[in-house]
Amino acid sequence: MKPLPGKRCEVAASAGPGPVTSFVRFVLSGGGVGVLSSFAVPLLAVTMPWAVSNAIVTIVSTLLCTELHARFTFAKGRGAGWREHWQSAGSATAAFLATGIAVHVLHLVQPSAGPPAEQLVYLGASGLAGAGRFLVLRLYVFAGRPARAVHPSARQRAAASPVLAAA
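- The protein chain appears in an unreviewed UniProt entry as GtrA family protein from Streptomyces griseoincarnatus.
- Here is the UniProt Subcellular location (unreviewed entry) comment for the protein chain, exactly as written: "Membrane".

### Here's the deal with the side chain of Thr 73
Then, number 1: Relative to the assigned elements, Thr 73 resides in helix 2 (residues 50-73).
Then, number 2: Polar contacts involving the side chain of Thr 73 include one to the side chain of Ser 29, which spans 3.1 Å.
Then, number 3: Every residue in contact with Thr 73, bar those within four places of it in the chain, is listed here: Pro 17, Ser 22, Arg 25, Phe 26, Ser 29 and Leu 68.

### Considering the UniProt feature "transmembrane region" (unreviewed entry) in the protein chain
Then, number 1: Those residues carrying the UniProt feature "transmembrane region" (unreviewed entry) are residues 23-44, 50-68, 89-109 and 121-141 in this numbering.
Then, number 2: Secondary structure across residues 23-44 comprises 100% helix and 0% strand; the distance between its end C-alpha atoms is 30 Å.
Then, number 3: Between the end C-alpha atoms of residues 50-68 there is a gap of 26 Å, over a span that is 100% helix and 0% strand.

### Points about the packing of helix 2 against helix 3 (residues 82-109)
Then, number 1: Look at helix 2 against helix 3: their axes get within 9 Å of each other, and the N-to-C directions meet at 145°. Crossing angle aside, the handedness with which helix 2 passes helix 3 is right-handed. Across the interface between the two elements, Trp 50, Ala 51, Asn 54, Ala 55, Thr 58, Thr 62, Leu 63, Thr 66 and Glu 67 of helix 2 pack against Glu 84, His 85, Ser 88, Ala 89, Ala 92, Phe 96, Thr 99, Gly 100 and Val 103 of helix 3.
Then, number 2: Counted by class, the contact of helix 2 with helix 3 contains eight nonpolar, eight polar and two charged residues.

### A few points about helix 4 (residues 115-141)
Then, number 1: Counted at 1.5 Å a residue, the expected span for helix 4 with its 27 residues is 39 Å, but the 34 Å between its end C-alpha atoms falls short.
Then, number 2: Those residues of helix 4 that sit buried are Glu 118, Gln 119, Tyr 122, Ala 125, Ala 129, Gly 130, Arg 133, Phe 134, Leu 137 and Val 141.
Then, number 3: If you follow the buried residues of helix 4, they end up packed against helix 1 (19-45), helix 2 and helix 3.

### Some words on the side chain of Ser 22
Then, number 1: Along the chain, Ser 22 turns up in helix 1.
Then, number 2: The class of Ser 22 is buried, set by a relative accessible area of 0%.
Then, number 3: Within the structure, Ser 22 has its side chain in polar contact with the backbone oxygen of Pro 19 (distance 3.2 Å).
Then, number 4: At 3.2 Å, the side chain of Ser 22 forms a polar contact with the side chain of Arg 138.
Then, number 5: Once residues lying within four places of it in the same chain are set aside, the contact partners of Ser 22 are Pro 17, Thr 73, Phe 74, Phe 134 and Arg 138.

### What about the environment of Trp 86?
Then, number 1: Considering the arrangement of structural elements, one finds Trp 86 in helix 3.
Then, number 2: Through-space distance from the C-alpha of Trp 86 to that of Thr 66 is 9.7 Å; in sequence the pair is 20 residues apart.

Analysis parameters
Residues numbered from 1 in each chain as written. Predicted model: local features only at pLDDT ≥ 70, side-chain atom pairs only at ≥ 80, totals over all residues. Heavy atoms only, no water. UniProt positions renumbered as here; feature names shortened; annotations may be inferred. Helix = DSSP H or I, 4+ residues; strand = E, 2+ residues; numbered from the N terminus. Polar contact = N/O pair within 3.5 Å; in protein donor to acceptor, adjacent residues only side chain to side chain. Contact = heavy atoms within 4.5 Å. Axes fitted to C-alpha atoms, helices over the stretch in contact; angles between N-to-C directions. Left-handed = near helix turned anticlockwise from the far one by under 90°. Nonpolar A, V, L, I, M, F, W, Y, C, P; charged D, E, K, R; others polar. Expected span 1.5 Å × (residues − 1). Buried < 20%, exposed > 50% of the residue type's maximum accessible area, 1.4 Å probe, protein only.

This is the structure in structure tokens:
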């Protein structure tokens with residue numbers, strides 16, 4: 001149904017924070033969890049292979065971050081649903097691969113690299129992967145549904161039109 005000529009359609013859209021605000025929130029929540037995770041990975045790696053430690057920490061931190069991003073970063077006013085968790089897990093998988101490959105390359109280039117070098121490489125790769133994740137989460141995962149035009153109902157149009165109201 002098309003709107004009457006001269007009548008404006010209202011657009012139903014949920015206004016979220018702007019890109020700068022959501023990026024600052026992303027850095028605070030996701031970056032904070034990421035920094036804590038970067039300390040958890042080497043601690044767990046003492047008892048298991050580094051890749052397994054990284055995988056466990058990535059899964060736990062992704063679940064936590066997805067909730068934080070839904071509630072705080074992108075202000076959805078609710079927790080993340082299954083769709084957001086699965087899509088966020090996809091972007092986290094890419095981040096996991098980036099950090100894992102970066103540390104693996106470090107060990108290929110410098111086999112005697114210790115925890116400080118691992119930490120530096122891990123944080124650098126996490127920062128780059130985090131910037132990519134922000135874009136994916138903002139533009140795709142938490143972008144919401146496209147705004148749809150809300151047209152007046154037949155009764156509202158009849159009430160607004162003197163010709164239809166008189167009939």
